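One-letter residues, chain by chain:
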Amino acid sequence: MNNDIISKVKNPFLCNEDYLEIHSLIGDFNKIKSKNSKINYKRKIKISLSSDYTSNYLTEFLPLFFVNKGIHVELHEKEFGSLKFLSKDANNNFWKKKNDFFVLIPSSNNLNLPKISDKLSLIKKKAEADAKFWLNLWNRLDKKIIQTTFEPTFYANLGEVDGVKYGGYLHYIRLVNLILAEKKPFNVYLIDIENLVFKNQKAKWNDSKMYNLTKQPFSMETLPILSNSISNAAAGMLGLSKKVLVIDLDNTIWGGIIGDDGLDKILLGPETPAGEAFQNFQKYLKQLTEKGIILCVCSKNDEKIAKEVFLKNKNMILKLEDITVFKSNFSDKASNIKVISKILNLGLDSFVFVDDSKFECDQVKKTLSEVMTLQLPEDASDFIEILESVSPFYFNNVSKEDLSRVSSYKKLAKINYHIKNSKNIDVFLKSIKSQVILERINKKNSERSSQLLAKTNQFKLNSNLFSSKELIKKNSFCIFYEDKYQNYGNVGVVIYKIKKKKEIIIENWVMSCRVFSRRIEFFIFNFLLAKAKTNSCDYLSFKFEKSRKNLYLQEFLNNLNLKIKEKIQNYKINVNHFKKNKNKNYIRAKKLI
């Protein structure tokens, strides 16, 4: 019984269920959650929520969707209509409350909407002023903010051309939203209400009857969709969104079975409706790789035959260079996905697996519960909608490092192969000509550094997070790395403080898994030892939080002769008596702070 409830809660398609069934599930889950130890939360967070509308029903649905993302949330809700007043009082205790996120739902009724007599220049000034009000508030708040955009009004000012002409309410609201989207700081995530309603036929934002009854402007059917969007945004900002998409081949990116039908008989291309649908899905997948999503193949086929389609079919949009790891054999798919995970140095909970076969999906679900597994429907025309409906990926703040991620992981796979097969690892590490730049965190690198702190899990001392503004104020530096394969950009962050010239406290240290196995961690640790001695400090100390995900970091700490026992433990290293690790790192310091 309990397992069935948890399984329903973790369903990636939860938001597509009927809201009455979800409401019933909320009641069932609330009865078991305090007694059940099988719920493995990835994070525990606090949220403060304020709205210009009634939010009671929303706050009833929200916690369940956070559990769906592996997040335990403690929710602090302000009373109905509070946001209008709180937004004008930045000194209110609401903004000072200790939390991880603000969730804000403003109303377009509070905008200075245009009059029919307003000139174009005045309308633009009004829009700038309305946007500036929120931009000023955001810049005063050094916290993560999830906010809905201003929604279309219940009625139009210019009828059917309301959205395309100056003076229209919808045009004005879009203008304000556009200014906010273009100028928002790094710590703000905007949920596009107009797009949310457009993509979800169940959603109805302007529900006059519901508004008159409850002062909630959207229908009850919209609650799961909005809750899912808010929890997705938080998961992305916390670094819990998916990074890898593993795809099947037959009846997934082309129609038919290549091993049986042959190269000329598979369905792909504009000649048939089904073939065009598969080709459109490939275009979608190609765009995901261009935004930094790592695309891998896991198929039960002869590899040579499977790759032949990529090389010889003129209708293929995807090319072999778009695939980071290609696994095509007759082993079970769960085992192959595990191999891909090891090659990429990425945890299974960052994976999405899509396949048309119920058998294959059930086997992966049962064996690898951390992987988000999506069974595709029969009609390829619905494939894109299936992936979009669960929104597994996060594109709010795409950095240049994100855009080069696919290239980095392809090279990582190559490097890991050399490391695994090299008879002399030191010779190989010396040959790749590693170079490091350590740079103080400043306005140019602070956003990427804050992003790394939130997104990194495998090499991360603890859960301490810092905003870009906080990082600039603190003693902190970022780690830029390059080798003969490529320039990887900013791959790590260290935040520290010097305590009365006796001790350097490392508040946090993170490194991207893209550069594991290069011994960069030993280089940085030696740098910190030297820094401690330069500042006449006798100790290096830090808090370490042990988890299932930071095994690589645990191994590094063991190499420093530190015994890892407790889940959370404070460590102190005497720099004067510390024996350096014998392993050489072969890294040249190009520039140090």
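Before reading further, recall that the structure is shown in the block above.
Residues numbered from 1 in each chain as written. Predicted model: local features only at pLDDT ≥ 70, side-chain atom pairs only at ≥ 80, totals over all residues. Heavy atoms only, no water.

**Q** Looking at this model, I keep getting lost on the pairing of strand β5 (residues 188-191). Mind explaining?
**A** Each regular strand carries side chains that alternate between the two faces of the sheet. Across the two faces of β5 the burial is the same, with Val-188 and Leu-190 and Tyr-189 and Ile-191 all buried. Taken together, the four bridges between strand β4 (residues 144-148) and β5 define a ladder with parallel strand orientation. By the bridge assignment for β5, Ile-145 is matched with Val-188. In this fold, β4 hands off to helix α7 (residues 169-183), which returns the chain to β5; that crossover is right-handed. (Buried < 20%, exposed > 50% of the residue type's maximum accessible area, 1.4 Å probe, protein only. Helix = DSSP H or I, 4+ residues; strand = E, 2+ residues; numbered from the N terminus. Pairing = 2+ DSSP bridges. Right-handed = clockwise from strand over helix to strand, strands pointing away.)

**Q** I keep staring at the sheet that holds strand β11 (residues 434-440) and nothing clicks. Help me out?
**A** The pairing of strands in a sheet comes from backbone hydrogen bonds and takes either a parallel or an antiparallel form. Taken together, the seven strands give an open sheet; going across it, the order is β16-β15-β14-β13-β12-β11-β17, and neighbouring strands pair in mixed fashion. Every interior strand has two partners, whereas the edge strands, β16 (568-574) and β17 (587-591), have only one. When the angles between neighbouring strand axes are averaged without regard to direction, this sheet yields 30°. Sheet topology places β11 next to β17; four bridges connect them, and they run parallel. The partner of Ile-437 across the bridge, within β17, is Lys-591. In the packing of helix α22 (residues 520-534) onto the sheet, contacts are made with β11, β12 (475-482), β13 (487-499), β14 (503-511), β15 (539-545), β16 and β17, and the angle to β14 comes to roughly 160°. (Axes fitted to C-alpha atoms, helices over the stretch in contact; angles between N-to-C directions. Contact = heavy atoms within 4.5 Å.)

**Q** Could you clarify how one ought to interpret the packing of aromatic side chains in this entry?
**A** Within this structure, the stated rule accounts for 28 aromatic pairs. Considering the side-chain rings of Trp-254 and Phe-310, the 6.2 Å spacing of their centres and the 75° angle between planes classify their relative orientation as edge-to-face. Residue Trp-254 is located in the loop between β6 (244-247) and α11 (258-261), and its partner Phe-310 is located in helix α13 (residues 303-312); the two are separated by 56 residues in the primary sequence. The exposure class assigned to Trp-254 is buried, which follows from its relative accessible area of 0%. Ring geometry for Phe-525 versus Phe-578: centroids 5.2 Å apart, planes at 65°, classification edge-to-face. (Phe/Tyr/Trp six-rings, centres within 6.5 Å; stacked < 30°, edge-to-face > 60°.)

**Q** Explain the side chain of Ser-450 to me, please; I cannot follow it from the model alone.
**A** For Ser-450, the position within the fold is in helix α20 (residues 446-455). Apart from residues lying up to four places away in sequence, Ser-450 is in contact with Phe-186, Phe-466, Ser-467, Ser-468 and Leu-471.

**Q** It is not clear to me how a nonpolar patch on the surface should be interpreted in this structure. Could you clarify?
**A** Residues Phe-395, Val-398 and Leu-403 make up a contiguous nonpolar surface patch of about 230 Å² in total accessible area. Tracing the backbone shows Phe-395 in the loop between α16 (383-390) and α17 (400-403). (Patch = residues over 30% accessible without salt bridge, like charges linked within 9 Å, V, L, I, M, F, W, Y side chains within 5 Å. Areas by Shrake-Rupley, 256 points an atom, 1.4 Å probe, with all protein chains shown as cover. Salt bridge = Lys/Arg side-chain N within 4 Å of Asp/Glu carboxyl O.)

**Q** So what exactly am I meant to see when it comes to the pattern of salt bridges here?
**A** When the charged atoms of two side chains lie near each other, side chains of opposite charge can form a pair. Scanning all chains against the criterion turns up 19 salt bridges. With a shortest N-O distance of 3.9 Å, Glu-79 and Lys-78 are connected by a salt bridge. Judged by its relative accessible area of 51%, Glu-79 falls in the exposed class. Note that Asp-483 and Arg-518 form a salt bridge whose closest N and O atoms lie 3.7 Å from each other. Residue Asp-483 is found in the loop between β12 and β13, and its partner Arg-518 is found in the loop between β14 and α22; the two are separated by 35 residues along the sequence. Linked through salt bridges whose partners overlap, the residues forming this network are Asp-248, Lys-333 and Asp-355.

**Q** Any chance you could explain the packing of helix α2 (residues 19-32) against helix α3 (residues 56-68) here in plain terms?
**A** How two helices sit against one another is set out by the angle between their axes and by the gap between those axes. In the contact formed by α2 and α3, the axes pass within 10 Å of each other and the chain directions differ by 75°. Here α2 lies roughly perpendicular to α3, going by the angle between them. Contacts between α2 and α3 involve Tyr-19, Ile-22, His-23, Leu-25, Ile-26 and Phe-29 from the former and Glu-60, Phe-61, Leu-64, Phe-65 and Val-67 from the latter. Here the residues of the contact of α2 with α3 are counted per class, giving nine nonpolar, one polar and one charged. (Parallel < 35°, antiparallel > 145°, perpendicular 65-115°, else oblique. Nonpolar A, V, L, I, M, F, W, Y, C, P; charged D, E, K, R; others polar.)

**Q** Quick question: what am I supposed to make of unusual backbone geometry here?
**A** Leaving glycine aside, a negative phi is the common case for residues, and trans is the common case for peptide bonds. At Lys-215, a position not held by glycine, the phi torsion is positive, near 65°. Locating Lys-215 in the fold gives a position in the loop between α9 (208-214) and α10 (222-237). Look at Asn-251: it is not a glycine, yet its phi comes out positive at around 60°. Looking at the element boundaries, Asn-251 is found in the loop between β6 and α11.

**Q** Sorry if this is basic, but what is going on with the layout of surface pockets here?
**A** One water molecule sets the probe size; rolling that probe over the atoms shows where empty space is left. Considered as a void within the structure, the second largest pocket measures approximately 410 Å³ in volume. In this structure, the second largest pocket is lined by 16 residues; those nearest its centre are Ile-343, Ala-413, Asn-416, Tyr-417 and Lys-420. For the lining of the second largest pocket, the secondary-structure elements that each account for two or more residues are β8 (325-328), α14 (333-344) and α18 (405-421). For the lining of the second largest pocket, the element with the most residues is α18, which contributes seven residues. A per-class count over the lining of the second largest pocket returns seven nonpolar, five polar and four charged. (1 Å grid on protein atoms, 1.4 Å probe; cavity = no way out; pocket = protein on both sides within 12 Å on 5 of 7 lines; lining within 4 Å. Points joined across faces, edges and corners; volume = space filled by probe spheres on them.)

**Q** What is the right way to look at the sheet that holds β6 in this model?
**A** Pairing is parallel across the open sheet formed by five strands, whose spatial order is β8-β7-β6-β9-β10. A strand with exactly one partner marks an edge of an open sheet, and here the two such strands are β8 and β10 (372-375). Strand after strand, the sheet turns through a mean of 20° between neighbouring axes, direction not considered. Sheet analysis places strand β9 (residues 351-355) next to β10, joined by four bridges and oriented parallel. By the bridge assignment, Val-352 is partnered in β10 with Met-372. Against the sheet, helix α15 (residues 358-367) engages β9 and β10, with an angle of about 165° to β10. Along the sheet, α16 makes contact with β6, β9 and β10, crossing β10 at roughly 150°.

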